[in-house]
Amino acid sequence: MTGEVAPLGRGDEAAPPDGLRASHQDRDRVAELLRTAAGDGRLTAEELDERLEKALTARTYGELAALSRDLPAAPGFPAGGPAAEPKSLVRIDRRSGSAKRDGRWLVPQRIEVRVTSGHVKLDFTEAVITQSSLQIDADVSSGSLKLVTKPGIVVDTDDVAVRSGSVKVRAPWGPEVPVILQVQVSGKVGSGHITARPPRRNFWQWLLRHPGPYAPAAP
């Protein structure tokens, strides 16, 4: 009968995974992976620009995978697979003691931090970053909130109201480093502290007078 669509037979196979069409979210995710790699020093500025242009116009998973095949992918984020969704909100409430996020943790879209008395540490040096910005709403009555950063992570604390504590941001890398994550911190500090800085040198680096992990190169 004419006009009917024949069912799939043995010769009609689905497209291979590399041939499946990529979405806008897939392209954005690979673009963030490339920016992270550039911030880690794995790609030059020229390589980053070239690959970003190809990523934003890629049509299939295979084309995206080719752009990051020589880069270490974050666990759970294969370049040619579906993207994992970060949480829209994470709440951290510390009344005493300490809490931290470190290692390979998935950065959410927004974090609410309440520190009554204690310490909260957010270590971004190995974090999985899938979007270009993070909003942190902080209320530090006493104690501290510490952000451990790396090249490409920019922290803005202009919207933090300080009563008798302190807010300090240290970023030794220059403006030539591609921005991979913009962290906007807002809220208030009572008698506590908010700091943002690169990782400190370990004992042996200090003893041998080696520069820190992300110290700027000498001219």
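To be clear, the structure that these remarks concern was listed above.
A. Representation of the overall build of the protein chain in the model. Within the protein chain, the regular secondary structure consists of four helices and ten strands. Along the protein chain, helices and strands appear, N-terminal first, in the series α-α-α-β-β-β-β-β-β-β-β-β-β-α. Counting over 219 residues, the protein chain shows a buried share of 40%. Considering only contacts within the protein chain whose residues lie at least 6 apart along the sequence, 67% involve residues at least 24 apart.

B. Here's a closer look at the packing of helix α1 (residues 24–39) against helix α3 (residues 61–68). At a closest axis distance of 10 Å, the pairing of α1 and α3 adopts a crossing angle of 5°. Taken together, α1 and α3 sit at an angle that is classed as roughly parallel. Side by side, α1 and α3 meet where D26, R27, V30, L33 and L34 of the first sit next to Y61, L64, L67 and S68 of the second. Residues of the contact of α1 with α3, tallied by class, amount to six nonpolar, one polar and two charged.

C. Here's a closer look at the packing of α1 against helix α2 (residues 45–56). Running from amino to carboxyl end, α1 crosses α2 at an angle of 170°, the nearest separation of the two axes being 9 Å. It follows that α1 is roughly antiparallel to α2 by the angle criterion. Contacts from R27, D28, V30, A31, L34, R35 and A38 of α1 reach α2 at L48, R51, L52, A55 and L56. By residue class, the composition of the contact of α1 with α2 is eight nonpolar, no polar and four charged.

D. Highlighting the sheet that holds strand β6 (residues 144–148). Taken together, the five strands give an open sheet; going across it, the order is β2-β4-β6-β10-β8, and neighbouring strands pair in parallel fashion. With one partner strand each, in any of the chains shown, β2 (98–101) and β8 (166–169) form the two edges of the open sheet. Shown here is a sheet whose adjacent strand axes are inclined to one another by a mean of 10°, direction ignored. Summarising the sheet, β2 and strand β4 (residues 119–123) pair through four bridges and their orientation is parallel. Across the sheet, residue R101 finds its bridge partner in β4, namely L122.

E. Structural view of the sheet that holds strand β1 (residues 90–94). Taken in spatial order, the five strands of this open sheet run β1-β3-β5-β9-β7, and their pairing is parallel. With one partner strand each, in any of the chains shown, β1 and β7 (153–162) form the two edges of the open sheet. Geometrically, the sheet is characterised by an average inter-axis angle of 15° between neighbouring strands, direction not taken into account.

F. Spatial organisation of the pattern of salt bridges. For the structure on display, the rule yields nine salt bridges. The closest approach of N and O atoms between E32 and R35, which form a salt bridge, is 2.8 Å. Separated by three residues within a single helix, E32 and R35 lie in helix α1, roughly one turn from each other. Residue D137 pairs with R110 through a salt bridge whose shortest N-O separation is 2.7 Å. With a gap of 27 residues between them, D137 in strand β5 (residues 133–140) and R110 in strand β3 (residues 110–115) connect regions that are remote in the sequence. In this structure D137 comes out as buried when scored by relative accessible area, which is 16%. Assessed through its relative accessible area of 32%, R110 is described here as partly exposed. Through salt bridges with shared partners, one network takes in R91, R110, E112 and D137.

About the thresholds
- Throughout, a residue's number is its position along its own chain's written sequence, starting from 1.
- Predicted model: local features are reported for residues with pLDDT of at least 70 only, side-chain atom pairs are reported and counted for 80 or more only, and whole-chain, interface and lining totals are derived from all residues.
- Excluded from the side-chain calculation are hydrogens and water; included are all heavy atoms of the structure.
- Here a strand is any run of E in DSSP of at least two residues, a helix any run of H or I of at least four, and the numbering for each starts at the N terminus.
- The rule is simple: take the accessible area with a 1.4 Å probe, protein chains only, and divide by the maximum for that residue type; under 20% is buried, over 50% is exposed, in between is partly exposed.
- Contact definition: two residues touch when any of their heavy atoms are within 4.5 Å.
- Throughout, an axis means a line fitted to C-alpha atoms (over the contacting stretch in the case of helices), and angles, computed between N-to-C directions, take values from 0 to 180 degrees.
- An angle below 35 degrees is read as roughly parallel, one above 145 as roughly antiparallel, one from 65 to 115 as roughly perpendicular, and any other as oblique.
- Under the scheme applied here, ten amino acids are nonpolar (Ala, Val, Leu, Ile, Met, Phe, Trp, Tyr, Cys and Pro), four are charged (Asp, Glu, Lys and Arg), and all others, including Gly, are polar.
- Only when DSSP finds a minimum of two bridges between them are two strands counted as paired.
- Salt bridge criterion: a side-chain nitrogen from Lys or Arg within 4 Å of a carboxyl oxygen from Asp or Glu.

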